[in-house]
Amino acid sequence: MLNIVLFEPEIPGNTGNIMRTCVATNTKLHLIKPLGFSLEDKYIKRSGVNYIGYCDYQVYENFDDFMDKNKDGVYYFYTRYGHKPHSDFNYTDEYNDNRNIYLIFGKESTGIPPKILKPHLDHCARIPMTDNVRALNLSNCVAIVVYEALRQRNYESLLRNEPDKDNRGHKGDHFIEDSK
């Protein structure tokens, strides 16, 4: 199972967007305190729209609490200091011995502390970019990485076509062909 981990997220809008991405991709979200906002915050609800109620998430007191409760996994860390592109890693179950995969992202202002990264240097990744920016937006980084992992897994359990028209806003697989 793919999991997204946010280490001490600070911006509610980013976390709301990531919650929406988690719902869209069937990934569980792990939030490591301290959080820079309340999960009841109106900004979380605005960015997550009406999907937050469908988000499977868990909150941890600190990084040690997260590690103690998730010992069964393979951990990948995303940092601007990583030496391999995120797409160089193999996120398939076969490669990871069918263990849970945790995609770990740092807080917006300072990332993941070096003391956490140092023991995991072989699993630190960087999203390639120019030297004109220091880092991308956190919710964009999560989307880039989770969709690369899902691409490698052949988009397991995700729909490849628009569902039939329903009251959740879906318009059906033939919406374009049927439009006037």
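Note: the structure precedes this text.
Residues numbered from 1 in each chain as written. Predicted model: local features only at pLDDT ≥ 70, side-chain atom pairs only at ≥ 80, totals over all residues. Heavy atoms only, no water.

Novice: Looking at this structure, how should I read the side chain of Asn96?
Specialist: The topology assignment puts Asn96 in the loop between strand 5 (84–85) and strand 6 (100–105). Accessibility expressed as a relative area gives 2% for Asn96, which makes it buried. For Asn96, the side chain forms a polar contact with the main-chain oxygen of Thr92, separated by 2.9 Å. In contact with Asn96, not counting residues within four places along its chain, are Val74, Tyr76, Asn90, Tyr91 and Ile101. (Helix = DSSP H or I, 4+ residues; strand = E, 2+ residues; numbered from the N terminus. Buried < 20%, exposed > 50% of the residue type's maximum accessible area, 1.4 Å probe, protein only. Polar contact = N/O pair within 3.5 Å; in protein donor to acceptor, adjacent residues only side chain to side chain. Contact = heavy atoms within 4.5 Å.)

Novice: Help me understand the sheet that holds strand 6, please; the structure alone is not making it clear to me.
Specialist: Here we have 7 strands laid out as an open sheet, ordered 3-2-1-6-4-7-5, and parallel in their pairing. Only two strands of the sheet have a single neighbouring strand rather than two, namely strand 3 (57–60) and strand 5. Where strand 5 meets strand 7 (residues 124–126), 2 bridges bridge the pair, whose relative direction is parallel. When the bridges of strand 7 are listed, Lys84 appears paired with Ala125. With respect to the sheet, helix 1 (residues 12–25) is in contact with strand 1 (2–7), strand 2 (28–32) and strand 3, its orientation differing from that of strand 2 by roughly 155°. In the packing of helix 5 (residues 138–152) onto the sheet, contacts are made with strand 1, strand 4 (73–78) and strand 6, and the angle to strand 1 comes to roughly 160°. (Pairing = 2+ DSSP bridges. Axes fitted to C-alpha atoms, helices over the stretch in contact; angles between N-to-C directions.)

Novice: Help me understand the pattern of salt bridges in this model?
Specialist: Two side chains carrying opposite charge are able to pair once their charged atoms lie near each other. Inspection of every chain in the model, using the stated rule, returns 6 salt bridges. Its salt-bridge partner being Lys69, residue Asp65 comes within 3.0 Å of it at the nearest N-O pair. Within this pair, Asp65 and its partner Lys69 are both found in helix 3 (residues 63–69), separated by 4 residues, close to a single helical turn. Since its relative accessible area comes to 15%, Asp65 is described here as buried. Between Arg153 and Asp93 there is a salt bridge, and its shortest N-O distance comes to 3.0 Å. Of this pair, Arg153 sits in the loop between helix 5 and helix 6 (175–178) while Asp93 sits in the loop between strand 5 and strand 6; the two residues are 60 residues apart in sequence, bridging distant segments of the chain. Here Arg153 and Asp93 have matching classes, each one buried. If you follow the salt bridges from partner to partner, you end up with Asp93, Arg153 and Glu156 in one network. (Salt bridge = Lys/Arg side-chain N within 4 Å of Asp/Glu carboxyl O.)

Spatial relationships are all this shows, so hold off on functional conclusions.
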